[in-house]
Amino acid sequence: CIRDRALVAALNKDTDQHDRFEINEEKTREGLFKVFPNPARDIIILELTPPSESGHVVIEIYNLMGQNLINKNLESKPQYQLDLTGLQNGVYLLKVTHGKTPAFKKLIKQ
């Protein structure tokens, strides 16, 4: 999605960290997961589509400065519940990796 690539480009531009996002559009799976509700308040549900083929899933949330705020390495299951109460209201990038290919979605916290 063009909007998601623009969000990642903004993260790359604004961050001075060494870990920069590099997305190969051909390798990124857009339908890897669903997240709801979005916009969210305190809790989100993340649903893998299809369920993970590997033994673990990595869920990361980045702010628009490119800082990693949440990093969870979890056992594979079809659905996860994440608590966002520690995050300020705003726009975030949600990155989910299961298997070898990451997927990204914009997440809004109200």
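You'll find the structure just up there.
Once a new chain begins, its residue numbering starts again from 1 and follows that chain's sequence as written. Local features in this predicted model are restricted to residues of pLDDT 70 or higher, and side-chain atom pairs are both shown and tallied only at a pLDDT of 80 or more, whereas totals for entire chains, interfaces and linings draw on every residue. With hydrogens and water set aside, each side-chain value is computed from the structure's full complement of heavy atoms.

A. Examining the pattern of salt bridges more closely. The term salt bridge refers to a pairing of a side-chain nitrogen on Lys or Arg with a carboxyl oxygen on Asp or Glu at a separation within 4 Å. In the structure shown here, the tally under the stated rule is one salt bridge. We note a salt bridge from glutamate 60 to lysine 95, for which the minimum N-O separation is 3.7 Å. A residue pair is termed long-range when its members are at least 10 positions apart, and glutamate 60 in strand β3 (residues 56-62) and lysine 95 in strand β6 (residues 90-98) qualify at 35 residues. Summarising the burial analysis for this pair, glutamate 60 and lysine 95 share the class buried. Numbering of helices and strands runs from the N terminus; a helix is a DSSP stretch of H or I covering at least four residues, while a strand is a stretch of E covering at least two. Burial classification: accessible surface area is computed with a 1.4 Å probe over protein chains only, and a residue below 20% of its type maximum counts as buried, one above 50% as exposed, and the rest as partly exposed.

B. The nonpolar core, seen in detail. Residues Phe33, Leu46, Leu94 and Val96 are the most contacted members of the largest nonpolar core, which totals 20 residues. Put simply, the parts of the chain that give this core at least two residues each are β1 (33-36), β2 (43-48), β3, β5 (79-83), β6 and β7 (101-109). If we skip the residues at most four places from it in the chain, valine 96 touches Leu32, Phe33, Leu46, Leu48, Val57, Val58, Ile59, Thr101, Pro102 and Ala103. By convention a nonpolar core is built from buried Ala, Val, Leu, Ile, Met, Phe, Trp, Tyr and Cys residues, the set being connected through side-chain atoms within 4.5 Å. A contact between two residues is defined here by any heavy atoms of the two lying within 4.5 Å.

C. How the structure looks around the sheet that holds β3. Strands pair, by our definition, only if DSSP identifies at least two bridges between them. If you walk across this open sheet you meet the four strands as β4-β3-β6-β7, and the pairing is antiparallel. The sheet is open, and its two edges are formed by β4 (68-75) and β7, each paired on a single side. Each neighbouring strand pair of the sheet contributes to a mean axis angle of 20 degrees, computed without reference to strand direction. Each axis is a line fitted through C-alpha atoms, and for a helix only the stretch in contact is used; angles between axes span 0 to 180 degrees, taken between their N-to-C directions.

D. How the structure looks around unusual backbone geometry. For the bond running from phenylalanine 36 to proline 37, omega is -10 degrees, close enough to zero to count as cis. Locating proline 37 in the fold gives a position in the loop between β1 and β2. The omega torsion across asparagine 38 and proline 39 is 15 degrees, close enough to zero to call that bond cis. Along the chain, the position of proline 39 falls in the loop between β1 and β2.

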